[in-house]
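Notes for the structure review
So the chains spell out like this:
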Amino acid sequence: MFTILFVVFLIADNLLRLFLSIKQIRHVARHRKQVPAEFSHHISLRSHQRAADYTIQRTKTSIVERLIDSILLLALTLLGGLQAIDLFLARLIDNELLRQLLLLGSIFALGGLVQLPFTLWRIFKIDEDFGFNRMTLRLFISDTVKGLILGIALGTPLLVAILWVMDNAPATWPIWAWVIWVVFSFSIMWLFPHVIAPLFNRFEPLKNDSLKKRIEALAKRCQFTLDGLFVMDGSKRSAHGNAYFTGLGKHKRIVFFDTLLSRLNDEEVEAVLAHELGHFKHRHIVKRLLLNMVVALGFLLLLGWLSQQIWFYTDLGVIPQFGRPNNGLALALFFLVVPVFTFWLGPLFSILSRKDEYEADTFAAKQSSATALISALVKLYDDNAATLTPDPAHSAFYDSHPPALLRIQHLKKYVNKPTTN
Ligand SMILES: [Zn+2]
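Residues numbered from 1 in each chain as written. Predicted model: local features only at pLDDT ≥ 70, side-chain atom pairs only at ≥ 80, totals over all residues. Heavy atoms only, no water.

A few points about the packing of helix α1 (residues 2–30) against helix α2 (residues 45–76)
Two packed helices can be described by the angle between their axes and the distance between those axes. Defined as follows: An axis is simply a line fitted to the C-alpha atoms; with a helix, the fit covers only the stretch in contact. Between two such axes, the angle follows the N-to-C directions and lies from 0 to 180 degrees. What counts as a helix is a DSSP run of H or I of at least four residues, what counts as a strand is a run of E of at least two, and both are numbered from the N terminus. For classification purposes, an angle smaller than 35 degrees is called roughly parallel, one larger than 145 roughly antiparallel, one from 65 to 115 roughly perpendicular, and anything else oblique. By the convention used here, residues are in contact when the closest approach between their heavy atoms is within 4.5 Å. Polarity classes work like this: nonpolar for Ala, Val, Leu, Ile, Met, Phe, Trp, Tyr, Cys and Pro, charged for Asp, Glu, Lys and Arg, and polar for all others, with Gly in that last group.
Direction vectors running N to C along α1 and α2 enclose 170°, while the axes themselves pass 9 Å from each other. Our classification of the angle between α1 and α2 gives roughly antiparallel. The residues of α2 that touch α1, namely those facing Phe6, Leu10, Asp13, Asn14, Arg17, Leu18, Ser21, Gln24, Ile25, Val28 and Ala29, are Ala52, Thr55, Ile56, Thr59, Lys60, Ser62, Ile63, Arg66, Ser70, Leu73 and Leu74. Considered class by class, the residues forming the contact of α1 with α2 number 11 nonpolar, 7 polar and 4 charged.

Considering helix α9 (residues 266–281)
Put simply, the rule is: Here the expected span of a helix is defined as 1.5 Å times the quantity of residues minus one. For every residue, the accessible area (1.4 Å probe, protein chains only) is compared with the maximum for its type, and the residue is labelled buried under 20%, exposed over 50%, or partly exposed between those bounds. Two N or O atoms form a polar contact when they lie within 3.5 Å of each other; inside protein one atom must be a possible hydrogen donor and the other a possible acceptor, and for residues adjacent in sequence the pair counts only when both atoms belong to side chains.
Given a rise of 1.5 Å per residue, 16 residues ought to cover 22 Å, and the 22 Å separating the end C-alpha atoms of α9 matches this to within 8%. Within the span of α9, buried status applies to Glu268, Val269, Glu270, Ala271, Val272, Leu273, Ala274, His275, Leu277, Gly278 and His279. Residue Asn265 occupies the N-cap position of α9, its side-chain oxygen lying 3.1 Å from the main-chain nitrogen of Glu267. One or two residues past the end of α9 sits Arg283, with phi positive at roughly 60°.

Some points on the coordination of the zinc ion
Stated formally: Any N, O or S atom lying within 2.8 Å of the metal counts as a donor, and for Na, K and Ca the limit rises to 3.2 Å; water is left out, so some sites can look incomplete.
Coordination of the zinc ion by the protein involves His275 (NE2), His279 (NE2) and Glu357 (OE), with metal-donor separations of 2.0 to 2.1 Å. Mapped onto the sequence, the residues coordinating the zinc ion show the spacing H-x3-H-x77-E. In this pair, His275 sits in helix α9 while Glu357 sits in helix α13 (residues 346–367), placing the two residues 82 residues apart along the sequence. Neither residue differs from the other here; His275 and Glu357 are each classed as buried.

Re the pattern of salt bridges
Put simply, the rule reads: For salt bridges, the criterion is a side-chain nitrogen of Lys or Arg within 4 Å of an Asp or Glu carboxyl oxygen.
Evaluation of the coordinates by the stated rule reveals 20 salt bridges. For Asp13, the salt bridge identified is with Arg17, shortest N-O distance 3.0 Å. In this pair, Asp13 and Arg17 are both assigned in helix α1, 4 residues apart and thus about one turn of the helix distant. Here Arg17 falls in the buried class, since its relative accessible area comes to 17%. A salt bridge links Asp356 to Arg288, with the shortest nitrogen-to-oxygen separation between them at 3.0 Å.

Some details on the packing of aromatic side chains
Here the distance between the centres and the angle between the planes together describe a pair of aromatic rings. The condition that has to hold: Between the rings of Phe, Tyr and Trp (Trp by its six-membered ring), a pair exists once the centres lie within 6.5 Å; its type follows the angle of the planes, with under 30 degrees stacked, over 60 edge-to-face, and the other angles tilted. Working rule: Lys NZ or Arg CZ, within 6 Å of ring centre, within 35 degrees of ring normal, means a charge sits over the ring.
Across all of its chains, the model carries 16 aromatic pairs by this definition. Ring geometry for Phe312 versus Tyr313: centroids 5.8 Å apart, planes at 70°, classification edge-to-face. There is no split in this pair, since Phe312 and Tyr313 are both buried. The structure contains a cluster of three or more aromatic residues connected by ring pairs, namely Phe2, Phe9, Trp305, Trp311, Phe312, Tyr313 and Phe341. Across the ring face of Phe343, the terminal group of Arg17 is positioned such that the distance to the ring centre comes to 3.7 Å. A cation over an aromatic ring shows up here: Lys146 above the ring of Phe200, its NZ or CZ 5.6 Å from the ring centre.

Describing the nonpolar core
Under the convention used in this document: Remark: nonpolar core denotes a set of buried residues (Ala, Val, Leu, Ile, Met, Phe, Trp, Tyr, Cys) joined through side-chain atoms within 4.5 Å.
Of all hydrophobic cores here, the largest spans 44 residues; its most connected members are Phe39, Ile215 and Phe256. Here this core takes 9 residues from helix α14 (residues 370–384), the largest share from any one element. Apart from residues lying up to four places away in sequence, Ile215 is in contact with Leu206, Leu226, Leu229, Ile254, Phe256 and Leu273. Counting 40 residues, the second largest nonpolar core, distinct from the first, contains Leu76, Ile85, Leu158 and Leu303.

Things to note about unusual backbone geometry
Across the chain, the bulk of peptide bonds are trans and the bulk of non-glycine residues have phi less than zero. Residues other than glycine seldom take positive phi values, yet Arg283 does so here, at roughly 60°. For Arg283, the location among the structural elements is in the loop between α9 and α10 (284–306). When its relative accessible area of 55% is taken as the criterion, Arg283 is described as exposed. You will see that Ala385, though not glycine, has its phi angle at about 50°, which is positive. Counting through the fold element by element, Ala385 comes out in the loop between α14 and α15 (392–398).

So, the environment of Asp258
Inspection of the secondary structure assignment puts Asp258 in helix α8 (residues 258–263). When the C-alpha atoms of Asp258 and Gln83 are compared, they prove to be 48 Å apart, with 175 residues separating the residues in sequence. Sequence-distant contacts of Asp258, defined by excluding residues within four places in its chain, comprise Val231, Met232, Asp233, Gly234 and Ser235.

Focus: the side chain of Thr362
Turning to its location among the elements, Thr362 is positioned in helix α13. Here the side chain of Thr362 touches His410 through a polar contact of 2.9 Å, side chain to side chain.

Structure follows, in structure tokens:
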């Protein structure tokens, strides 16, 4: 029974994604000839068409990627791939924990290998053709190796701990695994700015004094304690610009990509930052964190139940072995199969996230300037070749931010209005 359900969902998932991609390509192509009226003063027809072509190229790549992913998924499950790897490892290795760890490692490695040509294509073909790529092959290799070492260094203790509680506390492990997961997530958040990010980029304190004063004044206005302002050399990988916050509690720092600072004026940078501060002030980050934890607990409880059901294994092409723990198998199957059932929830998360984006925009408009945020957004859309005319259905599934047009219409309501404080 579950085999049929899985196959039906897998086919439906692929058809829906294909349908959305085709809709997106058609919609973008149809609006390629003309810059939407709201942007016609700021974005040239040439940039608009470049954004359309860029979006179409990327969408086409994702169609092929999805197809290959689904073939891999079928090969690993119903066609017996996972079973073959499991039996192979069982013959080689006596240690149960190591065997299960290697099983999960090989699944991640396979997924990574299948993804690799698509990543290379996106960076060295599409981004290169459109002039966004600044990454050399040498840097790509060093990034990949570092990412791999980091993934193994952080992932191994996490998986060992989870497999250990699964093997040793069969009745209560979902709760223990959840506690481990929460501790792990907070450790990563703490490690990220100090240890992880510096492995890949250089961070220097912001030197521009007038901008610094502006931002400090904004932070004060919003009663926000700041631990530092940093500039990151994002330009060594890509021309796309960005800014973000990292850190916990009182140790929050702001990081600007050098590419962002080179394009926006001080007023625009302040407005972008005010938007990010809006996320903090409205507690979006804490709420998202809590929601993620509740969802994680739900999934772990579900896995706790599924891992006890024989059909969960056999209907997905794996025969669990008696007299040894099958938790590695259960985890591998779960990682592989769950996304097939959850893609439908995309629009729900996108609605929640857009509500937050509008709130942050309103905050920025009140604390800083709606006009400056609009002009910053227009520059960023232009620079990142983000399409101004996404297909609404595609956007509802994939985009965490409202489409450009809606976002700017929303901001325009606050132009020339006095601030509330
Ligand atoms: Zn935002």
